[in-house]
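Read off the chains here:
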Amino acid sequence: MSLGERFPTDTDDGLLLIISGPSGVGKTTITRGVERSIPDSVFSVSWTTRPRTAADVEGVDYHFATDEEFEAMKARGGFLETAGIYGKKYGTPRDWVTEQLKRGRLVILEIDVEGAKQVKRKVPDAYSIFILPPNEESLLLRLRSRKREDEAAIQRRFGAAQREIAEGKSCGIYDLFLVNEHADECTRTAVEAVTRERARRKR
Ligand code: 5GP
């Protein structure tokens, strides 16, 4: 199908939504909640070189790639942005995102601050939300409760999360900061903000 063709459902409402936040803040729950609540929204499935965990579904959570596959995609300009996180590579597939935006969809990227900065440079009218924990203690408890790693790894992630928060607050690219006290409420606020933003841009 060529990019020029239009579906009956196509609109001019396309909006790129960036959702960032530190590891353990609960952003996946919020991201998926926003996706469920907004009918024409689509989640951008990133490429990554990190190993697949038992909880991950290929093509739903990520496209799991080898380092060679990732680098080949990057070399042909296939990524809108890329980032290195905990020694692994992550990237947003450019053509898929472009096509969905042309169709008028709300395209959701759940990416880190490093990637968000690149996207904002290329797509300045992207709308960006940063999710914050109610306090640092809650973040540490959340990281521990996932039982994914030993305490040393948890402390490393906690340090990285603190740096991600500091960078998110100071980099000047986020349109909205939301504190995730209760996931349902935070999701609702995010949905309202995005809906308002789309309506504002339409006027
Ligand atoms: P995890 O490996 O725990 O699923 O994700 C680690 C971090 O990578 C999270 O902060 C997540 O938001 C971020 N991430 C996932 N996909 C991408 C991507 O395509 N680009 C960037 N820049 N970050 C990503």
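A few points on the structure. This structure is a prediction, so every number in the text was calculated from the model and none was measured.

To continue, consider unusual backbone geometry. Negative phi values dominate among residues other than glycine, just as trans dominates among peptide bonds. Although it is not a glycine, Tyr 86 sits at a positive phi angle of roughly 50°. Position of Tyr 86 relative to the elements: it lies in the loop between strand E5 (79-85) and strand E6 (88-93).

In terms of nonpolar packing, the biggest core is built from 42 residues, with Leu 16, Leu 17, Leu 109 and Val 119 touching the most fellow members. Going through the elements one at a time, strand E1 (15-20), helix H1 (27-37), strand E7 (106-110), helix H4 (113-122), strand E8 (127-132), helix H5 (136-145), helix H6 (151-170) and helix H7 (183-202) are the ones with two or more residues in this core. Apart from residues lying up to four places away in sequence, Leu 17 is in contact with Val 34, Leu 106, Val 107, Ile 108, Leu 109, Tyr 127, Ile 129 and Val 194. Ranked by size, the runner-up nonpolar core spans five residues in total, among them Trp 47, Ala 65, Met 73 and Phe 79.

Now for the layout of surface pockets. Approximately 1,200 Å³ is the volume attributed to the largest pocket. Taken together, 40 residues make up the lining of the largest pocket; nearest its centre are Lys 27, Tyr 62, Tyr 90, Glu 110 and Arg 157. Every element with two or more residues in the lining of the largest pocket is listed here: H1, E5, E6 and H6. Among the elements that line the lining of the largest pocket, the one with the most residues is H6, at five residues.

This part takes up the sheet that holds strand E9 (residues 176-179). The five strands lie next to each other as E2-E7-E1-E8-E9, forming an open sheet whose pairing is parallel. Looking at strand neighbours, the two that pair on one side only are strand E2 (41-43) and E9, the edges of this open sheet. On average, each strand axis in the sheet is tilted by 25° relative to the strand beside it, whichever way the strands run. Running at roughly 150° to E7, helix H3 (residues 94-102) makes contact with E1, E2 and E7 of the sheet. Its contacts with the sheet place H4 against E1, E7 and E8, and it is angled at close to 160° to E1.

So, on to the side chain of Arg 105. Within the secondary structure, Arg 105 is located in the loop between H3 and E7. For Arg 105, a relative accessible area of 17% gives the class buried. Separated by 2.9 Å, the side chains of Arg 105 and Gln 100 make a polar contact. If we ignore the near neighbours within four places in the chain, the residues touching Arg 105 are Phe 7, Thr 9, Asp 10, Asp 13, Gly 14, Leu 15, Asp 40, Val 42, Gln 100 and Arg 198.

How each quantity is defined
- Residues numbered from 1 in each chain as written.
- Predicted model: local features only at pLDDT ≥ 70, side-chain atom pairs only at ≥ 80, totals over all residues.
- Heavy atoms only, no water.
- Helix = DSSP H or I, 4+ residues; strand = E, 2+ residues; numbered from the N terminus.
- Core = buried A, V, L, I, M, F, W, Y, C linked by side-chain atoms within 4.5 Å.
- Buried < 20%, exposed > 50% of the residue type's maximum accessible area, 1.4 Å probe, protein only.
- Contact = heavy atoms within 4.5 Å.
- 1 Å grid on protein atoms, 1.4 Å probe; cavity = no way out; pocket = protein on both sides within 12 Å on 5 of 7 lines; lining within 4 Å.
- Points joined across faces, edges and corners; volume = space filled by probe spheres on them.
- Pairing = 2+ DSSP bridges.
- Axes fitted to C-alpha atoms, helices over the stretch in contact; angles between N-to-C directions.
- Polar contact = N/O pair within 3.5 Å; in protein donor to acceptor, adjacent residues only side chain to side chain.

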